[in-house]
Amino acid sequence: VQLQASGGGLVQAGGSLRLSCAASGRTFSSYGMGWFRQAPGKEREFVASISRSGDTTYYKDSVKGRFTISRDNAKNTVYLQMNSLKPEDTAVYYCAATTTRASTRMSMYDYWGQGTLVTVSS
């Protein structure tokens, strides 16, 4: 599966952005999906993941209540709605697909999209 992330940009603290990740192929619904991010000088980290059907989600503690992951299997797309953004959310955000159930572990993901940059100004 090929993944294409979009929706990044520059936003002020407290603002919102919605990231999208479009997947190619006809088997999108067979993949658990995740969002990860990498801030400058830091390691890539888990942000959120969603099960194949969308009924189970996981979040990094620091984004709970602010970010929402969702998916539309008919459109082969996974989303990350980000509200109440903070400067520490600044990072390149990556979407990824796993053939297993949704996971918080980066090593479980087989396919990665290119990143989309999110910059939150204070």
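One structure accompanies this document, and this report is about it. (Residues numbered from 1 in each chain as written. Predicted model: local features only at pLDDT ≥ 70, side-chain atom pairs only at ≥ 80, totals over all residues. Heavy atoms only, no water.)

## Comments concerning the sheet that holds strand E7 (residues 67-72)
Judged by pairing direction, the sheet is antiparallel, and its 4 strands sit side by side in the order E1-E3-E8-E7 without closing on themselves. With partners counted over all chains shown, the strands left at the sheet margins are strand E1 (3-6) and E7, one partner each. On average, adjacent strands in this sheet sit at an angle of 15 degrees to one another, irrespective of strand direction. Pairing of E7 with strand E8 (residues 77-82) involves 6 bridges; the strand directions are antiparallel. Its bridge partner lying in E8, isoleucine 69 is registered against leucine 80. (Pairing = 2+ DSSP bridges. Helix = DSSP H or I, 4+ residues; strand = E, 2+ residues; numbered from the N terminus. Axes fitted to C-alpha atoms, helices over the stretch in contact; angles between N-to-C directions.)

## Side note on unusual backbone geometry
Positioned with a positive phi, asparagine 76 is a non-glycine residue whose angle comes to about 55 degrees. Residue classification places asparagine 76 among the buried positions, given a relative accessible area of 18%. (Buried < 20%, exposed > 50% of the residue type's maximum accessible area, 1.4 Å probe, protein only.)

## A few points about the side chain of arginine 37
Looking at the element boundaries, arginine 37 is found in strand E4 (residues 32-38). According to the relative accessible area criterion, arginine 37 is buried, its value standing at 5%. Within the local environment of arginine 37, its side chain forms a polar contact with the side chain of aspartate 89, the two groups lying 3.0 Å apart. A distance of 2.9 Å separates polar atoms of two side chains, one belonging to arginine 37 and the other to tyrosine 93. (Polar contact = N/O pair within 3.5 Å; in protein donor to acceptor, adjacent residues only side chain to side chain.)

## Structural notes on the pairing of E7
Of the two faces of E7, the one lined by Phe67, Ile69 and Arg71 is fully buried and the one lined by Thr68, Ser70 and Asp72 carries no buried residue. Counted between consecutive antiparallel strands, the loop separating E7 from E8 contains 4 residues, among which asparagine 76 sits at a positive phi close to 55 degrees.

## A word on the pattern of salt bridges
In this structure the tally under the stated criterion is 5 salt bridges. Look at the salt bridges and you will find they share partners, linking Arg37, Glu45, Lys60, Arg66 and Asp89 into a network. (Salt bridge = Lys/Arg side-chain N within 4 Å of Asp/Glu carboxyl O.)

## Notes on the environment of threonine 68
Inspection of the secondary structure assignment puts threonine 68 in strand E7. In this structure, the C-alpha to C-alpha distance between threonine 68 and alanine 48, residues 20 residues apart in sequence, is 8.0 Å. Ignoring anything within four residues of it in the chain, the contact list for threonine 68 reads Tyr59, Tyr79, Leu80 and Gln81. (Contact = heavy atoms within 4.5 Å.)

## Concerning the environment of tyrosine 111
Among the secondary structure elements, tyrosine 111 is positioned in strand E10 (residues 111-112). What makes tyrosine 111 partly exposed here is its relative accessible area of 31%. Counting along the chain gives 21 residues from tyrosine 111 to threonine 90, while the straight-line C-alpha distance between them is 23 Å. Setting aside its immediate chain neighbours within four residues, tyrosine 111 contacts Val1, Leu3, Tyr31, Cys95, Ala96 and Ala97.

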